[in-house]
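# Analysis of the macromolecular model
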Amino acid sequence: MQKEYTVTVYTEDRIGITNRITIIFTRRGINITSLTTAETEIPGVFKFIITVMSTREKLDKVVGQIERLIEIHRAFVHEEEEVVYQELALYKISTKSLESGDIERLIRDHQARILTITADYFVIEKTGHQQELTAFIKKLEPYGLIEYSKSGRVAIVKWSRRFHDHLKELQASSEA
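As annotated in an unreviewed UniProt entry, the protein is Acetolactate synthase small subunit from Chitinophaga eiseniae. Under the UniProt heading Function (unreviewed entry), the note attached to the protein is "Catalyzes the conversion of 2 pyruvate molecules into acetolactate in the first common step of the biosynthetic pathway of the branched-amino acids such as leucine, isoleucine, and valine." Under the Sequence similarities (unreviewed entry) heading, UniProt states for the protein: "Belongs to the acetolactate synthase small subunit family."

Laid out in structure tokens, this is it:
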């Protein structure tokens, strides 16, 4: 049965690695719904956080293929309860909506904040899970929603400490 999974991939910083990873998903007919990548706390080690809808069996095969790439340290498949995650959304709203004052209460009630205000628009930032962020769009539409942009998933795995200790040991041995 298909459901949402988070795949984390720890890799070296190499040109073309994003393409090499994503092509493995494409070949298996798995659509990536979000992709976030950034350097970890260990210099030179990057973490890809990939969100997909798939079956566990397909993803286990994909992870096996990814780990065969030379630049990959490790790859993991996580179910939703194994990760702590958030996404970030920005909403551009017409400044005219500030006149009534109602939108300020809406922003506070949804734990959002205003980032910038110009003569024509203002930008709201909100973090949360995808369902929260898209539900907030519906509440903002009557106020003159101009634009919406959302990040991919940012996640930390609940059990990943041993692996990070291993990466730090690799870093220390390469520096010696």
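Moving on: the packing of aromatic side chains. In this structure the tally under the stated criterion is three aromatic pairs. Considering the side-chain rings of Tyr-91 and Phe-136, the 5.1 Å spacing of their centres and the 85° angle between planes classify their relative orientation as edge-to-face. Here Tyr-91, found in strand β5 (residues 83–94), pairs with Phe-136, found in helix α4 (residues 130–140); they are 45 residues apart in sequence, far enough to count as distant. Residue Tyr-91 is classed as buried on the basis of its relative accessible area, which comes to 0%. Take Phe-136: its relative accessible area is 1%, and that puts it in the buried class. Taking 5.3 Å as the distance between ring centres and 40° as the angle between the ring planes, the aromatic pair formed by Tyr-91 and Tyr-148 counts as tilted. Of this pair, Tyr-91 sits in strand β5 while Tyr-148 sits in strand β8 (residues 145–150), and the two are 57 residues apart along the sequence. Chaining the aromatic ring pairs together yields one cluster made of Tyr-91, Phe-136 and Tyr-148. The side chain of Lys-92 reaches across the aromatic face of Tyr-121, ending 4.6 Å from its centre.

It is worth spelling out the UniProt feature "domain: ACT" (unreviewed entry) in the protein at this point. Here, UniProt's "domain: ACT" (unreviewed entry) annotation points to residues 6–80. Secondary structure across residues 6–80 comprises 31% helix and 43% strand; the distance between its end C-alpha atoms is 7 Å.

What follows deals with the pattern of salt bridges. Considering all chains together, one arrives at eleven salt bridges under this definition. Between Glu-132 and Lys-126 there is a salt bridge whose closest N-O contact spans 3.9 Å. The exposure class of Lys-126 is buried, given its relative accessible area of 5%. Overlapping salt bridges bring together Lys-3, Arg-56, Asp-60 and Glu-79 as one network.

Conventions and cut-offs
Residues numbered from 1 in each chain as written. Predicted model: local features only at pLDDT ≥ 70, side-chain atom pairs only at ≥ 80, totals over all residues. Heavy atoms only, no water. UniProt positions renumbered as here; feature names shortened; annotations may be inferred. Phe/Tyr/Trp six-rings, centres within 6.5 Å; stacked < 30°, edge-to-face > 60°. Helix = DSSP H or I, 4+ residues; strand = E, 2+ residues; numbered from the N terminus. Buried < 20%, exposed > 50% of the residue type's maximum accessible area, 1.4 Å probe, protein only. Lys NZ or Arg CZ within 6 Å of the ring centre and 35° of its normal. Salt bridge = Lys/Arg side-chain N within 4 Å of Asp/Glu carboxyl O.

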